[in-house]
Amino acid sequence: MSSALDYERIAHLYDSYLQFTDDLPFFRQQCQSGAVLELMCGTGRISIPLLEAGVNLTCTDASPAMLAIFQDKLMARGLSAPIVQADVTDLDWQLVFDLVLLPFQSFHELCTEVEQRKALAGIAQALKPNGHFICTLHNPKVRLQAIGKAVSHYGPFPRVDGIGFVSLSVDLNYDPATETVRGWQTVYELDAVEHPIAEHRLAVQFRLITLEDFQTLLESSGFLIEEVFGNYDYSLFAPETSPYMIISARKIKTF
Ligand SMILES: C[S@@+](CC[C@H](N)C(=O)[O-])C[C@H]1O[C@@H](n2cnc3c(N)ncnc32)[C@H](O)[C@@H]1O
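Residues numbered from 1 in each chain as written. Predicted model: local features only at pLDDT ≥ 70, side-chain atom pairs only at ≥ 80, totals over all residues. Heavy atoms only, no water.

1. A look at the domain arrangement of the protein
Inclusion rule: Segment limits for the domains were obtained from an automatic or database-derived domain assignment. Any pair of residues with heavy atoms lying within 4.5 Å of one another is described as a contacting pair. Take the accessible area each of two parts loses on contact, using a 1.4 Å probe, and add the two losses: that sum is the buried area. A pairing counts as a salt bridge when a side-chain nitrogen of Lys or Arg comes within 4 Å of a carboxyl oxygen of Asp or Glu. Identification of polar contacts relies on pairs of N or O atoms within 3.5 Å, with a donor-acceptor requirement for protein atoms, meaning one able to donate a hydrogen and the other able to accept it, and with residues adjacent in sequence counted only if both atoms are side-chain atoms. A run of DSSP states H or I qualifies as a helix once it reaches four residues; a run of E qualifies as a strand once it reaches two. Both are numbered from the N-terminal end.
Looking at the assigned domains, one finds that the protein contains domain 1 (7-139 + 209-251) and domain 2 (142-207). Centre-to-centre, using C-alpha coordinates, domain 1 lies 23 Å away from domain 2. In this assembly, 23 residues from domain 1 lie in contact with 18 residues from domain 2. At the boundary of domain 1 with domain 2, total buried surface from both sides reaches about 1700 Å², with 58% on carbon and sulfur atoms. Linking domain 1 to domain 2 there are zero salt bridges. For the pair domain 1 and domain 2, the number of links is seven residue pairs in polar contact (both at pLDDT 80 or more). Where the side of domain 1 that touches domain 2 is concerned, the elements lending two or more residues are helix H1 (7-17) and helix H5 (113-126). Here the side of domain 1 that touches domain 2 gets seven residues from one element, more than from any other, and that element is H1.

In structure tokens form, the structure reads like this:
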């Protein structure tokens, strides 16, 4: 499996430091009907609100540890959903879904064009004719402004299991030749008085992509871009300032 970060090592801490919710109303609104597949779903940050809203959702991710936490959260809430452990570059559904979601800029974790093309081919195959694919990406211009300057620190965040805190430090650098960001993310486990008791230093790698290059990849995989938003409030994508490229594409060809 290819992965930008070893999620197996930090799955038990992920929900404590990743509490982003700005995208939830957007995804709820996009999933009004039909069968939906969510890729790289992790611990179900988006999946659970969608399931609570009654979405007919299938979820998949490559990390057993992330999926185990997701499954525990479903049980605790009396929810259920098909959860499939799979690499996004090796999907195996045929014409099943009306909508495929790839949220939280996770497409960037596919660091080679070969992986990106394999993922898009599997997504196209999984969609019914005219089905939609929504993929959120970083706007490279804006994302790069925060890379290669200084180490960023986040937290401390209270742990969701109630036993202390979690904080993060992230140190990234950009290689323009490969359009790849590489570096380190250190996740610290802190006790109740915020003293470090454990640390997990993980290599990070992700590849940025321009809208033009993503469009070329999509078109050669049988998709047509219908809309590009710059944020979850549906504002149109502005190349100089938008934080994201939120792409809605329709499957127009079957190979
Ligand atoms: C940043 S997390 C996002 C999780 C979730 N979508 C969220 O918004 O919180 C990226 C997820 O992608 C998964 N992942 C990374 N590489 C993958 C691959 N090649 N195939 C499937 N899942 C992968 C990781 O296991 C992780 O759960």
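2. Things to note about the pairing of strand S2 (residues 56-61)
To keep it simple, the criterion reads: Any residue under 20% of the maximum accessible area for its type is buried, any over 50% is exposed, and the rest in between are partly exposed; the area is computed with a 1.4 Å probe on protein chains only. Strand pairing is defined by DSSP finding a minimum of two bridges between the two strands. Seen with the strands pointing away from the viewer, any crossover whose path from the first strand over the helix to the second strand runs clockwise is right-handed.
Within S2, five of the six residues are buried, leaving the element largely enclosed by the surrounding structure. Examined bridge by bridge, strand S1 (residues 35-39) and S2 share five bridges and lie parallel to one another. In the sheet register, Glu-38 faces S2, and the bridge partner there is Cys-59. As paired strands, S2 and strand S3 (residues 83-85) are joined by three bridges and run parallel to one another. Note that in S3 the partner of Cys-59 across the bridge is Ile-83. This β-α-β element, S2 to helix H4 (residues 64-77) to S3, shows right-handed connectivity.

3. Concerning the sheet that holds strand S10 (residues 223-229)
To keep it simple, the criterion reads: For helices, the fitted axis covers only the stretch in contact; all axes are lines through C-alpha atoms, and the angles between them, taken along N-to-C directions, range from 0 to 180 degrees.
With mixed pairing, seven strands are arranged side by side in an open sheet as S3-S2-S1-S4-S5-S11-S10. The sheet terminates laterally at S3 and S10, the two strands that pair on one side only. When the angles between neighbouring strand axes are averaged without regard to direction, this sheet yields 20°. Examined bridge by bridge, S10 and strand S11 (residues 244-251) share six bridges and lie antiparallel to one another. Pairing of Leu-224 across the sheet is with Arg-250, part of S11. Across the sheet, H4 touches S2 and S3, and the angle it forms with S3 is around 170°. Its contacts with the sheet put H5 on S1, strand S4 (97-102), strand S5 (127-138), S10 and S11, and the angle it makes with S5 is roughly 140°.

4. Regarding the environment of His-200
Along the polypeptide, His-200 turns up in strand S9 (residues 196-207). Classification of His-200 by relative accessible area gives buried; the value is 14%. Sequence separation between His-200 and Tyr-188 is twelve residues; the distance between their C-alpha atoms is 6.5 Å. Here His-200 is in contact with Arg-9, Ile-10, His-12, Leu-13, Gln-185, Thr-186, Val-187 and Glu-189, once residues within four sequence places are set aside.

5. Things to note about the layout of surface pockets
The test is simple: Residues are said to line a cavity or pocket when one of their atoms sits within 4 Å of a point; the points come from a 1 Å grid over protein atoms alone, cavities being sets where a 1.4 Å probe fits but cannot get out and pockets being open sets with protein on both sides within 12 Å along at least five of seven lines. Grid points are joined across faces, edges and corners, and a volume is the space filled by probe spheres set on the points. Any residue outside Ala, Val, Leu, Ile, Met, Phe, Trp, Tyr, Cys, Pro, Asp, Glu, Lys and Arg is labelled polar, Gly included; the first ten of those are nonpolar and the last four are charged.
A volume near 240 Å³ is recorded for the second largest pocket. Taken together, 14 residues line the second largest pocket, and the ones lying closest to its centre are Asp-15, Gly-44, Arg-45, Lys-73 and Arg-77. Secondary-structure elements contributing two or more residues to the lining of the second largest pocket are helix H3 (47-52) and H4. A class-by-class count of the residues in the lining of the second largest pocket yields six nonpolar, four polar and four charged.

6. A word on the packing of H5 against helix H7 (residues 211-220)
Quick reminder of the rule: Angles are sorted into four bins: roughly parallel if under 35 degrees, roughly antiparallel if over 145, roughly perpendicular if 65 to 115, and oblique for all others. Handedness of a crossing is defined here by the sense of rotation of the near helix relative to the far one, left-handed for an anticlockwise turn of less than a right angle and right-handed for a clockwise turn.
Closest axis-to-axis distance for the H5/H7 pair is 9 Å, and the angle between their directions is 45°. It follows from the interaxial angle that H5 and H7 lie oblique. H5 and H7 meet at a crossing whose hand is right-handed. Contact with H5, carried on its side by Glu-113, Gln-116, Arg-117 and Leu-120, involves Leu-217, Leu-218 and Ser-220 of H7 and no other residues of that element. Its residues assigned to classes, the contact of H5 with H7 shows three nonpolar, two polar and two charged.

7. Observations concerning the nonpolar core
Note the following rule: For this analysis, a nonpolar core means a set of buried residues of the types Ala, Val, Leu, Ile, Met, Phe, Trp, Tyr and Cys, connected via side-chain atoms within 4.5 Å.
Of all hydrophobic cores here, the largest spans 32 residues; its most connected members are Phe-107, Ile-123, Phe-133, Phe-214, Leu-218 and Ile-247. When residues of this core are assigned to their parent elements, the largest contribution, five residues, is made by H5. Once residues lying within four places of it in the same chain are set aside, the contact partners of Phe-133 are Leu-99, Val-100, Leu-102, Leu-120, Ile-123, Leu-127, Phe-214, Leu-218, Phe-223, Ile-247, Ser-248 and Ala-249. Phe-26, Leu-51, Val-55 and Phe-229 belong to the second largest nonpolar core, which has 24 residues in total.

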